[in-house]
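# Commentary on secondary and tertiary structure
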Amino acid sequence: MSDATYMVVFRGELVDGAELEQVKETLQNLCKLTRDKVEQLFNLPAVVLKKNLSHDLAESFKHQLERVGIITEVKAMDDAKLVVVSDNTLAVAAPTVADAGGDAADTTSTEAAADGQGSRLQVEFHGKGDEYFKIWIVNIFLTILTVGIYSAWAKVRNHRYFYSNTQIGEGSFEYTADPVAILKGRIVAVIFLLLFNYAGTTLPFGGVLYGMLSVILLISMPWLINRSMAFRNRNTVYRNVRFGFDGNYGGALKAFVLWPLAGAFTAGILMPYAVYKQKSYIVQCSRYGTSSFETEFGWREVYGVAIRAFLAMILAGVLLLVPFVGPLLALPIYLLAFAYFTANVGNLVYNGSKLQSHGFDSSLETGGLAMLYFTNWLIVAFTLGLGTPWAKVRLANYRAEHLALLVDGSLDNFIAAEEKNVSSLGEEIGEAFDLDIGL
Amino acid sequence: MEITGELYDGKTSAHWSARLTAHAGGLLQLHWDEGTSNYPLDTVAITSRLGNTPRYLTLPDGRKFETRDNDAVDALLQQHSQQGIHGWQSYLHKLESHLHYVALALVVVIAFSWGMLKYGLPAASEGIAYALPQNIMQNATDSTLAFLDDHYLEPSELDEAVQQRLAARFAAMSKQVEQGFNYQLLFRKGGEMLGANAFALPSGTIVMTDELVAIANNDEELVAVLAHELGHVVNRHSLRQVLQNSALSLAITYTTGDASSLIVALPVLFVQMGYSRKFEHEADQFAYDYLQHNAIATQHFATILEGLEAAHMVRRDKHKENKKEEGSKVVDVFEYLSTHPPTAERVKRFREEG
């Protein structure tokens, strides 16, 4: 926060009609304060409940307190003749009480505990295989009937099914992308792809055109990635607050083009660093409302995971040389190495990310994930693809079961941002060229 | 009617328990801790129903009401004969929830996929294969041959005179078939991996192994094999195969979504086997016609096919003796998945005519 220079001041005023006793009791329970401290709060002429806030956050804080029945003011922090009763957590109405010494800046930070502080919110997934199968098959059916046009609506319905069945606390995720925007993006992407694929072989000077298109694609890739992420995040809504993505060309260029190139030129030695750069870029540029995600994981941890997975791959490669039994042993090891890498990088990224003071608890397991991949493969292979919906639901279920939000205080304090519309052009071209990015 | 849910104001992530009541004239009344608001139903954007996922009602002042009570929302919309802002999309849930529509969709999708695999994809690949210029086929041939030479084939040890005799025969043959290809016959030693074999590359190059020449009783049998390979060349089989297989993998990956390549491997393998068998039949037909046209007994093709099968059987048995017991099972599985139709079936008509 660049302008964290506001504070919330309480002068003993209550909302019209609020019962003093009731408010005191709510505060006492809500903030786990002793009765004495609540009384002190009301006896002082002016108390700073929270300081070092941006203007927006201070306003939100004020709004929260109003719901409990307390009227506060948002003031610039240069007014120092006030008792500061502060801590810096962003929990709801979590004021702590000064020991009323009368002097400014004499603060005590009593442990504040608001309604859900330190609580763990399990991510829930409510999707069902048979229910999704019906949606999935109708999607394909209508896509065939409309010669592909419906695919944009199909995509939105697929996404909506998985987003809206994902619930944290009382809220679910809403996917709000407009199918018409996706359709336009797809048309542009298809035209570009056709040009790209057939230019080299059928048109005169095709080679030159192909080269030019390749260069254009490479140069615009960071832009495409940013647009794609922005479109996806912007269309994800939780509690009527949109996610967002503030990418920049340079950052995406480094993370998705330059570092992977460096990885390729060093025979893979720098590749885990490229993975680290990509994950942190995606997390750090993402925000929920006005609050940005922050990362705490480092590149050393990614290397630890990558090296172990790589050693397992080498073992599998050596086993492959043993005739007949080799492949039978090597395949499970490949699968385990892949599951190990996916699970541990996933855990690393989630557990090392923060949103305000809330954290994540991701507990993917190598064995469980490998088993899931294997059984999903059996399901899809033996149903000739018709079992795909069940496989997808099982994966989403497993992901949700192993993810929880570590809530510090409450989730009520995020502030919505003013959003611009993002076209889906970037996302669709990205998809057409198989730029699958995400966590 | 009353719908309960959560209310979000759109300014912060704070939430309130709330309920919506419907009143005469299509008026919705929202009740929550801090008050009551009225909204005409037609100003409220309601998401279309999707399975049992929550519904989101966006109110004109930016507030949002989220509820899991799908039936109540549907009843509300029906009562006021509105479909919500998504209009026709409200009918999608009917398709997605009624078993007979789903069954219809399933049948159409399966029939369509089958039709595409059986006719659509092969026809499209054929069209493209015939449109591609010779230089692409030459590039494909050169790189394939280089790869085979590096990994499987050894230089031929065949007598120079035999090579020249067969090459002359082949040159004469190639004048009788479609022109525009860069026909040439190459000799290689098949070694342990390939044994007695012959194969055609897209540009018109045909490779024949020393082992194949060795098992032939006469040149006519080799001519029959060359005719079969020429059938592969003029029908652009190798190119069509590559196009079909890659299009197939792409289509399956696309429909199954983010599935790993492992998932698609098995179905792809089965469909590909079907394609190669069809190509083998086409090439057999080409050989049959060629032999008849040139008054060469079609018997020769039957004889060398059987000879080939016997030779491979011996090679396999040798292989089995070298390896231990458990290995042989794995080999058998792959034999079962062989791309060629059973020899007995192929041989039959070549014998009948003779």
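Please refer to the structure placed before this passage.
One structure accompanies this document, and this report is about it. (Residues numbered from 1 in each chain as written. Chains lettered and ligands numbered in written order. Predicted model: local features only at pLDDT ≥ 70, side-chain atom pairs only at ≥ 80, totals over all residues.)

### Details of the overall build of chain A
- When helices and strands are tallied, chain A shows 14 helices and 14 strands.
- In chain A, which comprises 439 residues, the proportion classed as buried is 40%.
- Put simply, of all contacts in chain A between residues at least 6 apart along the chain, 70% involve residues at least 24 apart. (Helix = DSSP H or I, 4+ residues; strand = E, 2+ residues; numbered from the N terminus. Buried ≥ 20, exposed ≤ 12 C-beta atoms within 10 Å, placed from the backbone. Contact = placed C-beta atoms within 7 Å.)

### Digging into the interface of chain A and chain B
- At the interface, 41 residues of chain A touch 41 residues of chain B.
- Among the secondary structure elements, those contributing two or more residues to the side of chain A that touches chain B are helix H3 (55-68), helix H4 (129-145), helix H5 (151-164), strand E7 (171-175), helix H12 (366-382) and helix H13 (388-401) of chain A.
- At eight residues, H4(A) tops the list of elements feeding residues into the side of chain A that touches chain B.

### Looking at the packing of H4(A) against helix H3 (residues 99-131) of chain B
- As a packed pair, H4(A) and H3(B) sit with axes 9 Å apart at the nearest point and diverge in direction by 55°. Considered as vectors, H4(A) and H3(B) are oriented oblique to each other. Note that H4(A) runs across H3(B); the crossing there is left-handed. Note on element contacts: H3(B) touches H4(A) through B:Val102, B:Ala105, B:Leu106, B:Val108, B:Val109 and B:Phe112, opposite A:Lys134, A:Ile137, A:Val138, A:Ile140, A:Phe141 and A:Ile144.
- Each residue belonging to the contact of H4(A) with H3(B) can be placed in one class, and the counts come to eleven nonpolar, no polar and one charged. (Axes fitted to C-alpha atoms, helices over the stretch in contact; angles between N-to-C directions. Parallel < 35°, antiparallel > 145°, perpendicular 65-115°, else oblique. Left-handed = near helix turned anticlockwise from the far one by under 90°. Nonpolar A, V, L, I, M, F, W, Y, C, P; charged D, E, K, R; others polar.)

### Some words on the packing of helix H9 (residues 271-285) of chain A against helix H10 (residues 299-320) of chain A
Residue and element names in this part refer to chain A.
- Running from amino to carboxyl end, H9 crosses H10 at an angle of 130°, the nearest separation of the two axes being 9 Å. Judged by the inter-axis angle, H9 sits oblique to H10. Between H9 and H10 lies a crossing whose hand is right-handed. Residues Pro272, Tyr273, Val275 and Tyr276 of H9 lie in contact with H10, whose contacting residues are Trp299, Val302, Tyr303 and Ala306.
- Looking at the contact of H9 with H10 residue by residue, the class counts come to eight nonpolar, no polar and no charged.

### A closer look at the nonpolar core
- Core analysis: the biggest nonpolar cluster contains 38 residues, and A:Val302, A:Val305, A:Ala339, A:Tyr340, A:Phe341 and A:Val345 have the highest contact counts within it.
- At the level of secondary structure, the elements contributing two or more residues to this core comprise helix H7 (206-234), helix H8 (249-265), H9, H10, helix H11 (325-351) and H12 of chain A.
- The dominant element in this core, judged by the number of residues it contributes, is H11(A), at eleven residues.
- Within the second largest apolar cluster, 35 residues are counted, among which are B:Leu230, B:Ala283, B:Ala287 and B:Leu308. (Core = buried A, V, L, I, M, F, W, Y, C linked by C-beta atoms within 7 Å.)

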